[in-house]
Amino acid sequence: SCALLLGMRGFLPYVNGKYTLRIDRSVEFTEDDLTLSPDDIIGGISIADVSKNERFNRVICTFPNPKGDWQPDEAIWPEPDGAESNLYLEQDGELLVDEIELETITSYYAARDFARILTLRSRNALRCNIKSNSRAFNAVAGDVINVVHPTPGWTTC
């Protein structure tokens, strides 16, 4: 089941006594997404960057390629010696690679997009801890929550 979830960028949070399927989505906010303001936040915000061993400047996805008789193939993002790769290497000072095996993705382009998403997610991640009033009571793992707060300079998206 983990291989199926990984291939669809899904996860199973346990909510109210049941496992529910959630699919990762882009972080474009909609009117339905919860927005928290300073009035909703109790006790401040703690923000931490991800550690270096959780940040990557290259992701290699191995997948079974039907065009190669289902033999393992690789999709890499960003392309070595490309603009993004050179920028990330300059920022990090060393090559930080994550390798992942995708059993349920059989398209080079889908695997490369998966590598792109993992790379960018690792580079743009923040660990943010917020205690909220009851406005966030129904929020569950996987919900997109917009936080507007002047201290870290977060404004309405």
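Residues numbered from 1 in each chain as written. Predicted model: local features only at pLDDT ≥ 70, side-chain atom pairs only at ≥ 80, totals over all residues. Heavy atoms only, no water.

Digging into the overall build of the protein
Assigned secondary structure in the protein consists of 3 helices and 11 strands. Ordered by position from the N terminus, the helices and strands of the protein form the series α-β-β-β-β-β-β-β-β-α-β-α-β-β. When the backbone C-alpha atoms are referred to their principal axes, the protein occupies close to 55 × 40 × 25 Å. Considering the protein as a whole, with its 157 residues, one finds that 27% of them fall into the buried category. Long-range contacts, defined here as pairs at least 24 residues apart, represent 70% of the contacts in the protein between residues at least 6 apart. Split by element, the accessible area of the protein, about 10500 Å² in all, is 51% carbon and sulfur. Here the protein carries 15 positive and 24 negative side-chain charges, and the mean point of each set is 4 Å from the other. (Helix = DSSP H or I, 4+ residues; strand = E, 2+ residues; numbered from the N terminus. Buried < 20%, exposed > 50% of the residue type's maximum accessible area, 1.4 Å probe, protein only. Contact = heavy atoms within 4.5 Å. Areas by Shrake-Rupley, 256 points an atom, 1.4 Å probe, with all protein chains shown as cover. Lys, Arg positive; Asp, Glu negative; His and termini not counted. Charge placed at Lys NZ, Arg CZ, Asp CG, Glu CD.)

Brief notes about unusual backbone geometry
For the bond from Trp77 to Pro78, the omega torsion is -5°, close enough to zero to count as cis. By the element assignment, Pro78 lies in the loop between strand 8 (71-77) and helix 2 (83-92). With a phi close to 60°, Asp69 is a non-glycine residue in the positive phi region. Mapping Asp69 onto the fold places it in the loop between strand 7 (58-65) and strand 8. Positive phi, close to 70°, is recorded for Asp81, a residue that is not glycine. Looking at the element boundaries, Asp81 is found in the loop between strand 8 and helix 2. Given a relative accessible area of 68%, Asp81 falls into the exposed group.

A short note on the nonpolar core
Core analysis: the largest hydrophobic core is formed by 14 residues, its most contacted members being Val59, Cys61, Ile100, Leu102, Ala111 and Phe114. Element by element, the count of residues in this core is highest for helix 3 (residues 108-123), at 4 residues. (Core = buried A, V, L, I, M, F, W, Y, C linked by side-chain atoms within 4.5 Å.)

Notes on the pattern of salt bridges
Taken as a whole and assessed by the stated rule, the structure comprises 6 salt bridges. Arg135 is the salt-bridge partner of Asp40, the closest N and O atoms lying 2.8 Å from each other. In this pair, Asp40 is assigned in the loop between strand 5 (34-36) and strand 6 (41-49) and Arg135 in the loop between strand 10 (126-132) and strand 11 (145-147), connecting sequence segments 95 residues apart. Through salt bridges that share partners, Arg55, Asp92 and Arg123 make up one connected network. (Salt bridge = Lys/Arg side-chain N within 4 Å of Asp/Glu carboxyl O.)

Quick notes on the packing of helix 2 against helix 3
Where helix 2 contacts helix 3, the two axes come as close as 13 Å, and the packing angle between them is 30°. Classified by the angle their axes make, helix 2 and helix 3 are roughly parallel. The hand of the helix 2/helix 3 crossing is left-handed. Every residue of helix 3 that contacts helix 2 at Tyr88, Gln91 and Asp92 is listed here: Thr119, Leu120 and Arg123. Class assignment of the residues belonging to the contact of helix 2 with helix 3 gives a composition of 2 nonpolar, 2 polar and 2 charged. (Axes fitted to C-alpha atoms, helices over the stretch in contact; angles between N-to-C directions. Parallel < 35°, antiparallel > 145°, perpendicular 65-115°, else oblique. Left-handed = near helix turned anticlockwise from the far one by under 90°. Nonpolar A, V, L, I, M, F, W, Y, C, P; charged D, E, K, R; others polar.)

Things to note about a nonpolar patch on the surface
Taken together, the side chains of Leu4, Met8, Leu12, Tyr14, Tyr19, Leu21 and Ile23 make up a nonpolar region of the molecular surface, amounting to roughly 760 Å² of accessible area. Mapped onto the elements, Leu21 comes out in the loop between strand 3 (18-19) and strand 4 (22-23). (Patch = residues over 30% accessible without salt bridge, like charges linked within 9 Å, V, L, I, M, F, W, Y side chains within 5 Å.)

Digging into helix 2
Every buried residue of helix 2 is listed here: Ser85, Tyr88 and Asp92. Seen along its axis, helix 2 keeps its buried residues to an arc of 70°; they face one direction. Opposite the buried face of helix 2, by more than 90 degrees, sit the exposed residues Ala83, Glu90 and Gln91. As for helix 2, its buried residues are in contact with strand 7, strand 8 and helix 3. (Arc of directions from axis to C-beta.)

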